[in-house]
Amino acid sequence: MLLKEYRTRLRDILCEMNPEEGDVIADYLLCAALETDRGRLLTLPDEEVSEETEEFCGRAIYELSMGKPLQYVLGSCSFYGQEIAVGKGCFIPRSDTELCVETALKLLKPGDRFADLCSGSGCIAKAIAANRPDCSGYALELSREALQYTLFNLQEQKNVQVLRFDVLDDEEYAALSIQAGSPFDLLISNPPYIPTQEIELLSTEVRYEPETALDGGEDGLRYYRAIIAYAPLILKPEGYLVFEIGYDQAEAVSELMEKAGYNVAVLKDYSKNDRVVFGKKG
């Protein structure tokens, strides 16, 4: 079968599953199977489709029909211009999180040091490190499953160290303070922030992702409380604290930070939802 015919067939199948994005997903699968980009894909309409390509796409369609996220099927996704490997046990980066990166890049000065808490895939740390080679930092992650992706994605970023770290344990902060040698200029985190009782209401695709990367405790604020409380152990007195938040958490997280002595600002994402809360003491 010619590629142009197979592409049409593939798009028809996927549009039945996902009317809004089926045609785009079809091209993603074909690009992955052929190890090419969409620009070149469109120049190959009369190429014969190999058995390997059909097998790859058939398997992918089955996995997608079972609710597996496209990023897991492909094994990677794009984040802030970086290719990020993802898979089972690793939270999938979202484009909304890029606002966190943009915020950090504006706040960091040459020579500054940062720490990415609840790093997951390492996407935030990688985006910052790749765009600011004049800065250095740590990517901190507890989950052993996710940590293999943190390590893989950051293996070429020599200005970032990866460390297994429990953000809910104050002794971990004390140990990091000794290891790092001096306090950080900026702490950044996209922690689990979905209230426990809302986890079961999430879509099948989202529930495919590790619950530990989603569950923020009874009110969704468990990790914010811990990081804010323990930040002084590793953050300079004049350092910045940057959080991604859920769309309805700006007031609650701002209040927690203000009570800890931070002057706080809230930024909205492209959908006009509150997305980032950041602040500095003083």
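Residues numbered from 1 in each chain as written. Predicted model: local features only at pLDDT ≥ 70, side-chain atom pairs only at ≥ 80, totals over all residues. Heavy atoms only, no water.

### Brief notes about the packing of helix α1 (residues 3–17) against helix α4 (residues 51–65)
Worth spelling out the cut-off: Only C-alpha atoms enter the line fits that serve as axes; for helices the fit covers just the stretch in contact. Angles between N-to-C directions range over 0 to 180 degrees. Secondary structure elements are defined from DSSP: runs of H or I of at least 4 residues count as helices, runs of E of at least 2 residues count as strands, and each element is numbered from the N terminus. Each angle is binned into one of four classes, with values under 35 degrees roughly parallel, values over 145 roughly antiparallel, values of 65 to 115 roughly perpendicular, and all other values oblique. Working rule for contacts: check all heavy atoms of both residues, and any pair within 4.5 Å makes them a contact. Residues are sorted three ways: Asp, Glu, Lys and Arg are charged, Ala, Val, Leu, Ile, Met, Phe, Trp, Tyr, Cys and Pro are nonpolar, and all the rest, Gly among them, are polar.
α4 packs onto α1 with a crossing angle of 5° between their chain directions and a minimal axis gap of 11 Å. Regarding the angle of α1 to α4, the classification is roughly parallel. On α4, the residues touching Y6, L10, I13, L14 and M17 of α1 are T53, E54, C57, I61, L64 and S65. Classifying every residue of the contact of α1 with α4 gives eight nonpolar, two polar and one charged.

### Remarks on a negative patch on the surface
Convention followed: Each patch is built from residues lacking any salt bridge and having more than 30% relative accessible area; the joining distance is 9 Å for like charges and 5 Å for nonpolar side chains (Val, Leu, Ile, Met, Phe, Trp, Tyr). Method for areas: the Shrake-Rupley scheme with a 1.4 Å probe, in which residue coverage is limited to the protein chains shown. A pair is scored as a salt bridge if a Lys or Arg side-chain nitrogen falls within 4 Å of a carboxyl oxygen belonging to Asp or Glu. Note that His is not counted, nor are the chain ends; the positive residues are Lys and Arg, and the negative ones are Asp and Glu. Positions of charges follow a simple convention, taking NZ of Lys, CZ of Arg, CG of Asp or CD of Glu.
Taken together, the side chains of E51, E52, E54 and E55 present a region of like negative charge at the surface. Examined against the element boundaries, E52 turns out to sit in helix α4.

### Digging into the packing of α1 against helix α2 (residues 22–34)
Condition: Put simply, a crossing is left-handed when the front helix is turned counterclockwise from the back one by less than a right angle, and right-handed when it is turned clockwise.
It is at 8 Å that the axes of α1 and α2 come closest, and there the two elements cross at 130°. Between α1 and α2, the interaxial angle falls into the category oblique. Seen from above, α1 lies across α2 with right-handed handedness. For the pair α1 and α2, contact is made by L3, Y6, R7, L10, R11, L14 and C15 and by G22, D23, I25, A26, D27, L29, L30 and L34, respectively.

### A short note on the pattern of salt bridges
The test is simple: For every residue, the accessible area (1.4 Å probe, protein chains only) is compared with the maximum for its type, and the residue is labelled buried under 20%, exposed over 50%, or partly exposed between those bounds.
Tallied over the full model, the rule gives 15 salt bridges. The residue D46 makes a salt bridge to K4 at a minimum N-O spacing of 3.2 Å. Here D46 is found in the loop between α3 (38–41) and α4, whereas its partner K4 is found in helix α1, with 42 residues between them in sequence. Residue D269 is joined to R275 by a salt bridge in which the shortest nitrogen-to-oxygen separation is 3.0 Å. Residue class for D269 comes out buried when judged on its relative accessible area of 6%. Taken together, the shared-partner salt bridges in this structure form one network comprising D96, E244, D269 and R275.

### Notes on the pairing of strand β5 (residues 160–164)
Selection criterion: When DSSP finds two or more bridges between a pair of strands, those strands are recorded as paired. The path from the first strand over the helix to the second decides the hand: if it runs clockwise while the strands point away from the viewer, the crossover is right-handed.
In the sheet, strand β4 (residues 136–141) pairs with β5 via five bridges, with the strands oriented parallel. Residue Y138 lies in a different strand from β5, and its bridge partner there is Q161. The handedness of the β4 to β5 crossover, carried by helix α8 (residues 144–153), is right-handed.

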